Amino acid sequence: MNHYLAKSKPEETIQEHTDNLLRNYDLLQKYYPEIPVNWHFLKLACLIHDLGKMNLYFQEKVSGGKRNKKEIPHNYLSVAFVPYKKLKEEGYTKEEIQVLFQAIARHHERKIGFTEDEWSLEMKKLEQEWQGFTYDKLGEYRAYRSHFPAKYYQVTAQIFEGKTDQSMEIFIHYVLLKGLLNRIDFAASADIDVEKPNDFLETAMAEQMTAFRAKNPDADWKPLQKYMQAHQDENVIVVAETGMGKTEAGLLWLGNHKGFFTLPLRTAINAIYSRLIDSETGIIKESQTDRVGLLHSETYGQYLTHESDFDMDIEDYYTKTRQMSLPITVCTLDQLFDFVFRYAGFEPKLATLSYSKVIIDEVQMYSPDLLAYLIVGLSYIQKVGGKFTILTATLPGIIPDLLAENDVIFTRAEEDFISDRIRHSIEVVHEPINSKFIQEFYEDNRILIICNTVRVAKELYKELVDMYDAAEVHLLHSQFIKRDRSAKEDAILADGHKDSKRPCIWVATQVVEASLDIDFDILFTELSDLNGLFQRMGRCYRNRKLDVATNVYVFDEECSGVEPRGFIDKQIHENSKMMLQSCHGPVSESEKLTMINQVYSTEALKGSHYYEEVTGMIQYVKSFDTYELDKNEVRKRFRNINSVAAIPKPIHAENKEEIAGHIEIIKTKGIERKAKMKARTMLSAYMLDVPGYIYEKGSAEFIKINDYEKVIIFDCDYDEGIGLTPKDKEKENLFF
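Analysis parameters
- Per chain, residue numbering runs from 1 following the sequence as it is written.
- Per-residue local features are limited, in this predicted model, to residues with pLDDT of at least 70; the limit for side-chain atom pairs, both in listing and counting, is 80 or more; totals at the level of whole chains, interfaces and linings are taken over all residues.
- Heavy atoms from the whole structure form the basis of all side-chain values; hydrogens and water molecules are not counted.
- Lines fitted to C-alpha atoms define the axes here, with helix axes fitted over just the stretch in contact, and angles between the N-to-C directions of these axes take values from 0 to 180 degrees.
- In this description a helix means any DSSP run of H or I spanning at least four residues, a strand means any run of E spanning at least two, and both kinds are numbered starting from the N terminus.
- Here is the rule for angles: anything less than 35 degrees is roughly parallel, anything more than 145 is roughly antiparallel, 65 through 115 is roughly perpendicular, and the remaining ranges are oblique.
- Note on convention: near helix rotated counterclockwise from far helix by under a right angle means a left-handed crossing. Clockwise means right-handed.
- Between two residues, a contact is recorded if the distance between any of their heavy atoms is within 4.5 Å.
- Pairing between strands requires that DSSP locate at least two bridges from one strand to the other.
- Under the convention used throughout, the expected extent of a helix is 1.5 Å for every residue step, that is, one less than its residue count.
- Only protein chains enter the accessibility calculation, which uses a 1.4 Å probe; a residue whose area is less than 20% of its type maximum is buried, one above 50% is exposed, and one in between is partly exposed.
- What counts as a domain boundary in this text is fixed by an automatic or database domain assignment.
- Once two parts are joined, some of their accessible surface, as seen by a 1.4 Å probe, is lost; buried area is that loss totalled over both.
- Salt bridge, as applied in this entry: a Lys or Arg side-chain nitrogen positioned within 4 Å of an Asp or Glu carboxyl oxygen.
- Under the rule applied, a polar contact is a pair of N or O atoms within 3.5 Å (in protein, one hydrogen donor and one hydrogen acceptor; residues adjacent in sequence only if both atoms are side-chain atoms).
- In this classification, Asp, Glu, Lys and Arg are treated as charged, Ala, Val, Leu, Ile, Met, Phe, Trp, Tyr, Cys and Pro as nonpolar, and every other residue, Gly included, as polar.
- Side-chain atoms within 4.5 Å link the members of a nonpolar core, which is a set of buried Ala, Val, Leu, Ile, Met, Phe, Trp, Tyr and Cys residues.
- Pairing of aromatic side chains requires ring centres within 6.5 Å, counting the rings of Phe and Tyr and the six-membered ring of Trp. Pairs whose planes differ by under 30 degrees are stacked, by over 60 edge-to-face, and all others tilted.
- The rule for a charge over a ring is simple: NZ of Lys or CZ of Arg within 6 Å of the ring centre, and within 35 degrees of the ring normal.

As recorded in an unreviewed UniProt entry, the protein chain goes by the name CRISPR-associated protein Cas3, listed as coming from Listeria weihenstephanensis.

## Observations concerning the packing of helix H16 (residues 368-384) against helix H25 (residues 609-623)
At their nearest, the axes of H16 and H25 sit 8 Å apart, and the two run at 45° to each other. Considering their axes alone, H16 and H25 lie oblique with respect to each other. For the element pair H16 and H25, the recorded crossing hand is right-handed. Judged by residue contacts, Pro-368, Asp-369, Leu-371, Ala-372, Tyr-373, Ile-375 and Val-376 of H16 engage Tyr-610, Glu-613, Val-614, Met-617, Ile-618 and Val-621 from H25.

## Description of the sheet that holds strand S16 (residues 585-587)
With mixed pairing, the 7 strands of this open sheet are ordered in space as S12-S13-S11-S14-S15-S10-S16. Of all strands in the sheet, those with a lone pairing partner are strand S12 (473-476) and S16, marking the two edges. Adjacent strand axes in the sheet meet at a mean angle of 25°, parallel and antiparallel pairs treated alike. Sitting on the sheet, helix H21 (residues 530-537) is in contact with strand S10 (424-429), strand S11 (446-450), strand S14 (522-526), strand S15 (552-555) and S16, with an inclination near 160° to S14.

## Structural notes on helix H12 (residues 266-277)
Its 12 residues place the ends of H12 16 Å apart at the C-alpha level, agreeing with the 16 Å of an ideal helix rising 1.5 Å per residue. Within the sequence span of H12, burial applies to Ala-268, Ile-269, Asn-270, Ile-272, Tyr-273, Leu-276 and Ile-277. Next to the buried residues of H12 lie helix H11 (246-254), strand S4 (258-262), strand S5 (292-295), helix H13 (299-305), helix H14 (314-322) and strand S6 (328-331).

## Side note on the domain arrangement of the protein chain
Segmenting the protein chain into domains produces domain 1 (5-190), domain 2 (200-412), domain 3 (422-606) and domain 4 (641-726). Just the C-alpha atoms count here: the centres of domain 2 and domain 4 sit 32 Å apart. Facing 7 residues of domain 2, the contacting portion of domain 4 comprises 5 residues. Summed over both partners, the interface of domain 2 with domain 4 buries about 560 Å², with 59% contributed by carbon and sulfur atoms. Among the residues domain 2 hides against domain 4, the three largest losses belong to Tyr-300, Leu-304 and Glu-315. Together they make up 61% of the total. Note that Glu-307 and Lys-674 form a salt bridge whose closest N and O atoms lie 2.3 Å from each other. The interface formed by domain 2 and domain 4 holds 2 residue pairs in polar contact (both at pLDDT 80 or more) in total. Of all the elements in the fold, those that place two or more residues in the side of domain 2 that touches domain 4 are H13 and H14. In terms of residue class, the side of domain 2 that touches domain 4 is built from 4 nonpolar, 1 polar and 2 charged.

## Let's talk about the pairing of S4
Among the 5 residues of S4, 5 are classified as buried, and the element is accordingly described as predominantly covered. Of the two faces of S4, the one holding Lys-258, Phe-260 and Thr-262 and the one holding Gly-259 and Phe-261 are both buried throughout. One ladder, built from 5 bridges, connects S4 with strand S7 (residues 356-361); its direction is parallel. Following the sheet pairing, Phe-260 is matched in S7 by Val-358.

## A short note on the sheet that holds strand S3 (residues 236-239)
Here we have 7 strands laid out as an open sheet, ordered S5-S6-S4-S7-S8-S3-S9, and parallel in their pairing. Each having just a single partner strand, S5 and strand S9 (411-412) make up the two edges of the open sheet. Inspection of the sheet shows S5 paired to S6 by 4 bridges, in the parallel sense. Its bridge partner being in S6, Leu-294 is matched across the sheet by Val-330. Those strands touched by H11 are S3, S4, S6, S7 and strand S8 (387-392), and its axis lies near 165° from that of S7.

## As for the nonpolar core
The nonpolar side chains of a soluble globular protein tend to be buried, and buried together. Ranked by internal contacts, the top residues of the largest apolar core, which has 153 residues, are Leu-28, Leu-42 and Leu-530. Broken down by element, this core gets its largest block of residues, 12 residues, from helix H8 (residues 165-190). Aside from chain neighbours lying at most four places away, what touches Leu-530 is Ser-576, Met-579, Leu-580, Met-595, Ile-596, Val-599 and Tyr-600. Grouped together as the second largest cluster of nonpolar side chains are 49 residues, Ile-449, Val-507, Ala-646 and Leu-688 included.

## Quick word on the packing of aromatic side chains
As enumerated under the stated definition, the model contains 30 aromatic pairs in all. On the numbers, 5.9 Å between centres and 20° between planes, the contact of Trp-130 with Phe-133 is stacked. With respect to burial, Trp-130 and Phe-133 carry one shared label: buried. Here Phe-437 and Tyr-553 contribute two aromatic rings whose centre-to-centre distance is 5.6 Å and whose plane-to-plane angle is 65°, an arrangement assigned as edge-to-face. With Phe-437 in helix H18 (residues 435-439) and Tyr-553 in strand S15, this pair connects stretches of sequence that are 116 residues apart. Members of the aromatic cluster, joined through ring pairs, are Tyr-4, Phe-81, Trp-130, Phe-133 and Tyr-144. When the ring centre of Phe-520 is taken as reference, the NZ or CZ atom of Arg-446 above it lies at 5.9 Å. For the cation-ring pair, Lys-488 lies above Phe-480, with the distance from its terminal atom to the ring centre recorded as 4.6 Å.

## Quick look at helix H9 (residues 201-215)
A rise of 1.5 Å per residue sets the reference length of H9, with its 15 residues, at 21 Å; its end C-alpha atoms lie 22 Å apart and thus fit the reference within 8%. Elements in contact with the buried residues of H9: H11 and S6.

Structure below.
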């Protein structure tokens, strides 16, 4: 017998599947020969990893039979075919060969539910199948051995990172070998290429400059962009104000390499993705589905919205994106950096980052826990050979200090890329934010009001609606269902467009603080902290020179959302307030950075809750042993998930038939995946994330989809203009 199956749907023999792995191995080596993996071992791992599937229990199962309880997972049997003697002859040490054993034994993360005697018996049975098995690709590395010391496969013998340089070196070899074997295996199973080449970006950037020069012969890259292009081989941290071309600067730094572009907000990520792939005005005008991907929790829905923009096989595109096979991926931090917990199965991500470059934008937006994950993550990326850049409008001094403390090596640009122009003139108003003060400024202006909490934003919105027509006043915060929030985001982008002349008032929370390309005439804001204030100011006179006496009003009394009840660090809030006391009138970009340096230096932050939280979280992440947590647990910890996706009861009542129709499609067997994903996207449009502390105080009903999934109908008030109002209104103060 030589017809051993590796898979059943569609049917594929072990040899055919291995051939697919070898094809992907060749692609990976061709596109990224610099990866510091042992390529010889990686090829052997591809050849050997599934040979354990020859065992008869597996063959019975894959041929349509039931799983036999005596079946030992094939990954633990494939170690029988490691050419130990041949590798010893080639000069490899036992420790080095053990890395190959472990990568094969653990290419599936499965518990060991068998005894050593049972394992030995199955290994011996394999010999009979092996004698009839032919596969010319094995060549001189064809080998079989029925018994090895337990340290080669047992859970207790796993390869940990250890405390010494030598143990860390072995650990990294293991991570690269196992991670890349997984990547190649997943790609072969999905029938996609493990990597698509980045052989286009430098040409695309050059073509864009040619297009600029067709309109203006003197056009050239800006100083920031030239700096980034000249430092492609370094880890760099650069501060650059809005309008300096940070996106293009990041792409010039990336060059023809694999890269990940990370931002904190999905809205900003979607905007950059759309900008990159636009067939008319984008940087990447063709073959987009082989070149740029979008990775966050709503990727499939976003791809559906772009399905008609260019030729797209959405299933194939989604698979390539999820498997990180595309040269450029725009993503949220949580999609990439959860490897810091080193859960069982984390290796493919870190192995991919060993030959990737990571662009981190808006670093000041990250919460203390995400900042801690970023610091630890960058230290690992550096260890495996990857590179990073932080491109940011403001840089809290604590960030470079923490990177240095964690042995991360980087180049800090000698100068900040800021202009001499003045865009903002500040007046600090020593009273709580209020509608009466704002009222006299409306006239023909486009006004943006940013509050620290949903509660205050709603109060102001209601007061302003009473003063003006509701059509002129709008509210945006996190507590709208996705359908309504998406419509509001489109509307604020239109009203906030630099060419818009329509007078309007937008009341919002910090959801508009960063990355939204909006340009209002006047900003009224509660003081949160100095960093947040300057981010908010970036939504007003975004690219205009100051031509009015005052365009930013900061209310610094009785600000909502401040500790102990709120989420804003009290010490940072007080230090920011103190700093602003001497700030009145025009303020330059360099003055803003000076103030940031004073408020967010490590010395100024020590003792604050923020500082304790960041440094404590770094130690917390490091305290876990490798493989201590499983992936599901990490997902909860990493995203600090304390919210529940639910449909507000009034929304369910209004859309009962449509919601029931989507649920029925999801439940029905035999319907193609794309139709189900469409139904899920449509269903999610009625949902919002209800914070856990609100959900726990309320009540809910459930609609069952299957044994593992249900739709939650949350009992609350909901209004298209106001959003969600919890029954327990006291808790609103914690929203933003």
